[in-house]
Amino acid sequence: MDIPYIVDERPDTGLTNVKLGIWLFLASEVMLFGALFSSYVLLRLIAPDWPVGAEVLNVPMGTFNTAVLIGSSVTMVFAYASLQMDNLAGFKKFMGITIGLSLLFMVVKGFEYNHEFEIGNFPWTSTYLAIYFTMTGLHALHIIGGVIVNAYFLGPGSKMWETNKTQFTNRIEAAGLYWHFVDLVWIFLFPVLYLL
Amino acid sequence: MSDHVQHHIAIYKKVAAALAVLTFLTVAVSYLEVAVPLAVTIALLIAATKGSLVVSFFMHLIEEKKSVPLSRRGIGLIIGSLLLTALFFLVIIFIPIFGHADKVGTYFTLPNANAPTVETPAAH
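Here goes a summary of the coordinates provided. Positions within a chain are numbered from 1, following the residues in the order the chain's sequence is written. To read the labels, note that chains go from A and ligands from 1, taken in the order they are written. Local features in a predicted model are, by the rule used here, given only for residues with pLDDT of at least 70; side-chain atom pairs are given and counted only at 80 or more, and totals for whole chains, interfaces and linings are based on all residues.

Focus: the packing of helix α3 (residues 59-84) of chain A against helix α7 (residues 165-195) of chain A
All names here are of chain A.
So, point 1. For the pair α3 and α7, interaxial distance at closest approach is 10 Å and the crossing angle is 165°. Our classification of the angle between α3 and α7 gives roughly antiparallel. For the element pair α3 and α7, the recorded crossing hand is left-handed. Along the contact surface, α3 presents Val59, Gly62, Thr66, Leu69, Ile70, Ser73, Met76, Val77, Ala79, Tyr80, Leu83 and Gln84, while α7 presents Thr169, Ile172, Glu173, Gly176, Trp179, His180, Asp183, Trp186, Phe190 and Tyr194.
So, point 2. Only Asp, Glu, Lys and Arg are considered charged, only Ala, Val, Leu, Ile, Met, Phe, Trp, Tyr, Cys and Pro nonpolar, and every remaining residue, Gly among them, polar. Class assignment for the residues of the contact of α3 with α7 results in 13 nonpolar, seven polar and two charged. Only the contacting stretch of a helix is used when fitting its axis, a line to C-alpha atoms as for every element, and angles between N-to-C directions run 0 to 180 degrees. By the criteria applied, helices consist of DSSP H or I runs no shorter than four residues and strands consist of E runs no shorter than two, each listed in order from the N terminus. In this scheme, roughly parallel covers angles under 35 degrees and roughly antiparallel covers those over 145, while 65 to 115 is roughly perpendicular and the rest are oblique. Put simply, a crossing is left-handed when the front helix is turned counterclockwise from the back one by less than a right angle, and right-handed when it is turned clockwise. Residues are scored as being in contact if the C-beta atoms we place from backbone atoms lie within 7 Å.

What follows is the structure in structure tokens.
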């Protein structure tokens, strides 16, 4: 059985099920990360001492990664806009850049993690490092998930463009909404963990 | 259709520029020597501004608002569920803060009270 209302809007909600579904999923994601932000507040309030993030982590690397992730969000909206203008080649170009920037983010994050491990900073070293690795680790898992989905849409998934343009465009919109959410989480993680 | 999209692309570029400036600003401000509560407030204000730009324009939430007329479907399912989520998010963020600030049940003395103070050594 086909899922209904993936191309046309459902009259009573005024939305496609794709869009409502992804927004509800993102709402649940807000609560998932919210629980960790809440834990961060609790741990920090009761901690006898708390390091300044900038003295433990590499702020220039973090800033660079913030720019990379925001850049990937920008290319993601360009990929979506290309499909709206009936331009599959443009979509492939921008989606390719989005995936490239996501991988660059992971590489930089890998260097950061590696550096922490080299100087003996592990998740069990301190409460600060525990919450740092937990939150950035969960965020990194989200990046990996997004890269897999986006790579599918760039590769085999893009065949749908030939059979159903609207459905494919809706899929990219949903993937884009998820990707911007991942960017949004980082926008808060960066100052909270690196700067405060 | 194409004009509509072109208009969007122009907005995306402006938002991208604003996000770049705000990222630079977040880092620059963190080097100022200000008290911790002020630093936290500034950092979170900038992050909230960036976040609302992403949600409003990249995630098109501004248009979701427009596409659901207030008279027909209330505030709309997307905005409605997000408002509910935001409410619960604030609740879980403030629970530890209120818990930390809560002094009910903690033993303390008023200046004129006759109650023994914490410093009073226990009688042997």
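Here the narrative resumes, following the displayed structure.
Quick word on the environment of Glu112(A)
Residues and elements named next belong to chain A.
So, point 1. Considering the arrangement of structural elements, one finds glutamate 112 in helix α4 (residues 88-118).
So, point 2. By C-beta crowding, glutamate 112 is classed as partly exposed, having 16 other C-beta atoms within 10 Å.
So, point 3. Expressed as a C-alpha distance, the spacing of glutamate 112 and glycine 62, which sit 50 residues apart in the sequence, is 8.7 Å.
So, point 4. Once you skip the residues sitting within four places of it in the chain, glutamate 112 turns out to touch Asn58 and Met61. Field definition: a residue is buried when 20 or more other C-beta atoms are found within 10 Å of its C-beta, exposed when 12 or fewer are, and partly exposed for counts in between, with C-beta atoms placed from the backbone.

Examining the interface of chain A and chain B
When the parts come together, some accessible area is lost, and that loss is often what is quoted as the size of the interface.
So, point 1. On the side of chain B, 39 residues touch chain A, which itself brings 39 residues to the contact.
So, point 2. Every element with two or more residues in the side of chain A that touches chain B is listed here: α1 (17-46), α3 and α7 of chain A.
So, point 3. If you tally residues by element for the side of chain A that touches chain B, the top one is α1(A), at 14 residues.
So, point 4. A per-class count over the side of chain A that touches chain B returns 29 nonpolar, nine polar and one charged.

Things to note about the environment of Trp23(A)
So, point 1. Here Trp23(A) lies in helix α1.
So, point 2. For Trp23(A), a count of 22 C-beta atoms within 10 Å puts it in the buried group.
So, point 3. For the pair Trp23(A) and Pro51(A), spaced 28 residues apart in sequence, the C-alpha to C-alpha distance is 36 Å.
So, point 4. The residues contacting Trp23(A), other than those within four sequence positions of it, are Ile78(B) and Ser81(B).

Here's the deal with α1(A)
Turn by turn, an α-helix covers 3.6 residues, leaving residues three or four places apart pointing in a common direction.
So, point 1. Working rule for helices: expected span equals 1.5 Å times residues minus one. For α1(A), which comprises 30 residues, the first-to-last C-alpha distance of 44 Å matches the rise-based estimate of 44 Å (1.5 Å per residue) to within 8%.
So, point 2. Within α1(A) the residues assigned to the buried category are Lys19(A), Ile22(A), Trp23(A), Leu26(A), Phe37(A) and Tyr40(A).
So, point 3. As for α1(A), its buried residues are in contact with α5 (127-154) and α7 of chain A together with α5 (77-101) of chain B.

What about the nonpolar core?
So, point 1. As used here, a nonpolar core is made of buried Ala, Val, Leu, Ile, Met, Phe, Trp, Tyr and Cys residues. They are joined through C-beta atoms within 7 Å. The biggest cluster of nonpolar side chains holds 63 residues, and the ones touching the most others in it are Val77(A), Ala79(A) and Tyr178(A).
So, point 2. Of all the elements in the fold, those that place two or more residues in this core are α1, α3, α4, α5 and α7 of chain A together with α1 (2-30), α2 (36-58) and α5 of chain B.
So, point 3. No other element matches the 18 residues that α7(A) contributes to this core.
So, point 4. Segment limits for the domains were obtained from an automatic or database-derived domain assignment. Each of domain 1 (2-59) and domain 2 (77-124) of chain B contributes no fewer than three residues to this core.
So, point 5. Residues within four places of Ala79(A) in sequence aside, it is in contact with Phe91(A), Phe94(A), Met95(A), Thr98(A) and Ile172(A).

Re α4(A)
Residue and element names in this part refer to chain A.
So, point 1. In this model α4 runs 45 Å from its N-terminal to its C-terminal C-alpha over 31 residues, within 8% of the 45 Å that 1.5 Å per residue would give.
So, point 2. Every buried residue of α4 is accounted for by Phe91, Phe94, Met95, Thr98, Ile99, Leu101, Ser102 and Phe105.
So, point 3. Lining the buried residues of α4 we find α3 and α5.
So, point 4. Of the residues trailing α4, glycine 120 is marked for its positive phi of about 80°.

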